[in-house]
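# Summary of structural features
Residue strings, one per chain:
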Amino acid sequence: MTTPQAVLIAGGGIGGLATAIALDRKDIEAHILERSNFAEESGAGIQLGPNATRVLRRLGVLDALEPQTFRPRAVWLFDGRTGKKLATVPLGDVAEERYGAPYVTAHRADLHEALRIVAADAPHVMLTSNATVTGIREDDGVSITGSDGMTWQGCALVGADGIWSTVRRWVAPDAIPAFTGATAFRSLTPRDSLPEPFSLPIVGLWLGPRTHLVHYPVRGGAAVNIVAVTEAGEKEEGWNNAVEQQTVLANFSRWTQTPIDLLDAAPAWRAWSLFALPAFPTWSRGRTTLLGDAAHPVLPYLAQGAGLAIEDAATLAELLQQIRAEPTQAFATYETIRRPRATRVQVVSKRLGRAYHLGDGVFSDLIRVSRNAILGLRGEEATLRGFDWLYGEPNRSG
Ligand SMILES: Cc1cc2nc3c(=O)[nH]c(=O)nc-3n(C[C@H](O)[C@H](O)[C@H](O)COP(=O)(O)OP(=O)(O)OC[C@H]3O[C@@H](n4cnc5c(N)ncnc54)[C@H](O)[C@@H]3O)c2cc1C
């Protein structure tokens, strides 16, 4: 039975589980209500920058995840039309030394399961599955209702229920995600069946007109995750819609053969329509706040949506510990700290997406040639330094 002191968390995805663990580490009770049975079924990979792994390590999650992670040595950038290698961003030991935490790739299900196991072991965390939050009421605490009529009470509520957040409808009813017109197709294939460069211990990033392709090892290196993004596709909610291989290939007809071979080799494909959410006035209403994709969904071009949710979790727990009796004050400070960073990541992700997708038309093609030249001229160290603002925060000790 929940005590009214518990912080209720709607949604037990990456952000919700990280928040519960972070609260536990501050001796604060947390109760997660998750609509599924805590199973992550998207079958996709995830990249976690040092900003995310630093927090996961402090929470005791990185150790649990370690056997399933992969540490890529670098990001290699290629031109998808010519196949030419354009640049290298060093990762591996170079990034770990620079930022004090590793850059890793993993399967989303492995990350989710590591978070779930750590949360289930945490003395102050309660996990309730098959609980869909439908209603919210505020009195001297917060009371939420589930779809089956159950109610739960707590001192505050965190909406970590993703881009289609129910809690956000209570906080900001006018904030509705809009389809960007882009789709991410993804597949997973055994690594030992692939030729180079797809089998190499790298993140491969191929840039093409209105398209790009990313591949990297997951499952400790046993499989390769492939994400092919196009500025086309259907507007569908959810991230697990089956799609024909021909539909994926049709978007890459102007690409050189090497990356096409990878798309050909990949078996089952799933589509993930990309939505964006315009900024809305406030993330909080009274004793309720939002976190992760519910507050600030981010396009995947910088691979940072989960990283931001994990950072949010640590900041929120820290503030709730400091101002325990006044969640509304803690939530206001949380938003003051987190909103500028989330906005910056959203803006940079969008800008990167535009730079990746150059080359459609004469003018765009000219800019593509300049982009490639600049990428080639900038040294490896300088390229990595460009990410200091992202991977160097939140600070190493905090
Ligand atoms: C193609 C693609 C690639 C990506 N790659 C990366 C990457 O490499 N690195 C990275 O950091 N990020 C990446 N992201 C972003 C990342 O997936 C999200 O930002 C992250 O999952 C957000 O976590 P969350 O906990 O806020 O939301 P979610 O992961 O969506 O979790 C929300 C949870 O809430 C539950 N829920 C929903 N409604 C209710 C309700 N009413 N009641 C109870 N429970 C509810 C859901 O079942 C779910 O478990 C990528 C995204 C895309 C589209």
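Before reading further, recall that the structure is shown in the block above.
Here goes a summary of the coordinates provided. The model shown is predicted, which means the values in this text are computed figures rather than measured ones.

A few words on the overall build of the protein. The helix and strand tally for the protein stands at 13 helices and 19 strands. Relative to a compact globule of 398 residues, whose C-alpha radius of gyration would be 21 Å, the protein shows 21 Å and is just as compact. On the principal axes, the C-alpha backbone points of the protein span a range of 65 × 40 × 40 Å. Going through the 398 residues of the protein one by one, you find that 55% of them count as buried. The long-range fraction of contacts in the protein, counting pairs at least 24 apart against all pairs at least 6 apart in sequence, stands at 75%. Counting only carbon and sulfur atoms, one obtains 52% of the accessible surface of the protein, whose full area is about 16,600 Å². The centroid of the 39 positive side-chain charges in the protein is displaced by 6 Å from the centroid of its 42 negative side-chain charges.

On to the packing of helix α9 (residues 305–322) against helix α10 (residues 327–356), then. A pair of packed helices can be characterised by two numbers: the angle between their axes and the separation between those axes. Where α9 contacts α10, the axes come no closer than 9 Å and their chain directions differ by 155°. By the angle between their axes, α9 is roughly antiparallel relative to α10. Between α9 and α10 lies a crossing of right-handed hand. On α10, the residues that touch Leu308, Glu311, Asp312, Thr315, Leu316, Leu319 and Leu320 of α9 are Pro327, Ala330, Phe331, Thr333, Tyr334, Ile337, Arg338, Arg341, Ala342 and Val345. Along the lines of polarity and charge, the residues of the contact of α9 with α10 split into eleven nonpolar, two polar and four charged.

Here we come to the environment of Gly135. In this structure, Gly135 sits in strand β8 (residues 133–138). A sequence separation of 34 residues divides Gly135 from Arg169, and the C-alpha atoms of the two residues are 10.0 Å apart.

Attention now goes to the pairing of β8. When β8 meets strand β9 (residues 142–146), the two strands line up antiparallel, connected through five bridges. Its bridge partner being in β9, Glu138 is matched across the sheet by Val142.

A few words now on the packing of aromatic side chains. A complete count under the given rule lists eleven aromatic pairs for this structure. Following the ring pairs from residue to residue traces out a cluster consisting of Trp76, Phe78, Phe198 and Trp206. Directly above the ring of Trp389 sits Arg344, whose terminal nitrogen or CZ lies 4.1 Å from the centroid.

What counts and what doesn't
Residues numbered from 1 in each chain as written. Predicted model: local features only at pLDDT ≥ 70, side-chain atom pairs only at ≥ 80, totals over all residues. Heavy atoms only, no water. Helix = DSSP H or I, 4+ residues; strand = E, 2+ residues; numbered from the N terminus. Rg over C-alpha atoms; globule rule 2.2 N^0.38 Å. Buried < 20%, exposed > 50% of the residue type's maximum accessible area, 1.4 Å probe, protein only. Contact = heavy atoms within 4.5 Å. Areas by Shrake-Rupley, 256 points an atom, 1.4 Å probe, with all protein chains shown as cover. Lys, Arg positive; Asp, Glu negative; His and termini not counted. Charge placed at Lys NZ, Arg CZ, Asp CG, Glu CD. Axes fitted to C-alpha atoms, helices over the stretch in contact; angles between N-to-C directions. Parallel < 35°, antiparallel > 145°, perpendicular 65-115°, else oblique. Left-handed = near helix turned anticlockwise from the far one by under 90°. Nonpolar A, V, L, I, M, F, W, Y, C, P; charged D, E, K, R; others polar. Pairing = 2+ DSSP bridges. Phe/Tyr/Trp six-rings, centres within 6.5 Å; stacked < 30°, edge-to-face > 60°. Lys NZ or Arg CZ within 6 Å of the ring centre and 35° of its normal.

Just distances and angles here, no functional claims.
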